[in-house]
Amino acid sequence: MNTTNNTVLVTGGSAGIGFEIAKLLSEKGNNVIITGRNEERLNQAASKLNNVKTIVSDVSNSENVEKLVAQIKTEFPQLNMVINNAGRALVYDIISENVNAFEKAEDEMLTNYLSIIRLNEKLLPLLKTQENAAIVNVSSVVAFVPGALATYSASKAALHSYTQYLRLALSKETNVKVFELMPPLVDTEFSAPIGGKSGISPTLVAEQFVAGLENNNFEIRVGNTEDMYRLYLSSPEEALKVMNQSRTEDIAS
């Protein structure tokens, strides 16, 4: 996959992994659009970047998505890469009483899984017209092995399954490539409640992501995600044990 001269949409691009990806891609000569729910945070992020446009948009809101897609088609008809990075993780004990586990899981599933299907579906007609195009879904190490954030893990596992078949389906009829970025624990504001300070740098995630794109590595397993994946293949039971040795688990995005 060519990593220069693209027009790239990064959802959740105002901070963390999304910001670092936007930064690196903009430095490589791509036109980058970042979205997020908070206009002030978007503007602050854009002020630190070159060649980056901002659009205030919430991927979990259907009206926002309709407006975003319409704006993309009008102002950025050359869009050829979509990076679905926006995510939602809620910290709670799934077996405790009165935690509203259903509502929390519904929130996570909408943001981390269903909203990605919606945005991909609406942008695919545009992507299919491009000579060189890609969809990138950002999942997590917990797509393979669930951690204590059980419903977050489930949403990422669903995204992983969807991504695999989407890649297969699009490879038969189109030029649209489908990548999956699978970080471990990353040191971001997003992961702070579950011990993110012990995670890897989001800059490293962005660098390994771009390297994976350049090499057409469709499943980009960053850092110790690769180790957990190998352990999962050899012993799912041991992988589950290792993942849950403490309440501070590996999540990302």
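The structure presented is a predicted model; accordingly, all values stated were derived computationally and were not measured.

Calculation rules
Residues numbered from 1 in each chain as written. Predicted model: local features only at pLDDT ≥ 70, side-chain atom pairs only at ≥ 80, totals over all residues. Heavy atoms only, no water. 1 Å grid on protein atoms, 1.4 Å probe; cavity = no way out; pocket = protein on both sides within 12 Å on 5 of 7 lines; lining within 4 Å. Points joined across faces, edges and corners; volume = space filled by probe spheres on them. Helix = DSSP H or I, 4+ residues; strand = E, 2+ residues; numbered from the N terminus. Nonpolar A, V, L, I, M, F, W, Y, C, P; charged D, E, K, R; others polar. Salt bridge = Lys/Arg side-chain N within 4 Å of Asp/Glu carboxyl O. Phe/Tyr/Trp six-rings, centres within 6.5 Å; stacked < 30°, edge-to-face > 60°. Lys NZ or Arg CZ within 6 Å of the ring centre and 35° of its normal.

**Student:** Explain empty space enclosed by the protein residue by residue, including any values.
**Tutor:** Enumeration according to the criterion identifies 1 cavity of 30 Å³ or more in this entry. Considering only enclosed or pocket space, the largest cavity measures out at about 40 Å³ in volume. Around the largest cavity, the lining residues are T11, V59, N84, N85, A86, T111, S115, I116 and L119. The element contributing the most residues to the lining of the largest cavity is helix 4 (residues 101-127), with 4 residues. Looking at the lining of the largest cavity residue by residue, the classes come out as 4 nonpolar, 5 polar and no charged.

**Student:** Give a description of the pattern of salt bridges that names residues and reports values.
**Tutor:** In this structure the tally under the stated criterion is 7 salt bridges. Here R88 and D107 are joined by a salt bridge, their closest N and O atoms 3.0 Å apart. Of the two residues, R88 is situated in the loop between strand 4 (81-84) and helix 4 and D107 in helix 4; the sequence distance between them amounts to 19 residues. Notably, a salt bridge pairs R230 with E226, separated by 2.7 Å at the nearest N-O pair. Within this pair, R230 and its partner E226 are both found in helix 7 (residues 225-234), separated by 4 residues, close to a single helical turn. Among the charged side chains, a network of salt bridges with common partners joins E219, R221, E226 and R230.

**Student:** Explain the packing of aromatic side chains to me, using residue names and the numbers behind them.
**Tutor:** Under the counting rule described, the total for this entry stands at 4 aromatic pairs. Between Y113 and Y162 the ring centres are 6.2 Å apart and the planes differ by 80°, which places this aromatic pair in the edge-to-face class. Taken together, the residues span a long stretch of sequence, with Y113 in helix 4 and Y162 in helix 5 (residues 150-173) at a distance of 49 residues. Members of the aromatic cluster, each reached through a chain of ring pairs, are F144, Y229 and Y232. Over the ring of Y92 we find K104; its NZ or CZ atom is 5.5 Å from the centre of that ring. The aromatic ring of Y229 is capped on one face by R221, whose charged end is 3.9 Å from the ring centroid.

By themselves, these are just geometric observations and shouldn't be taken as functional.
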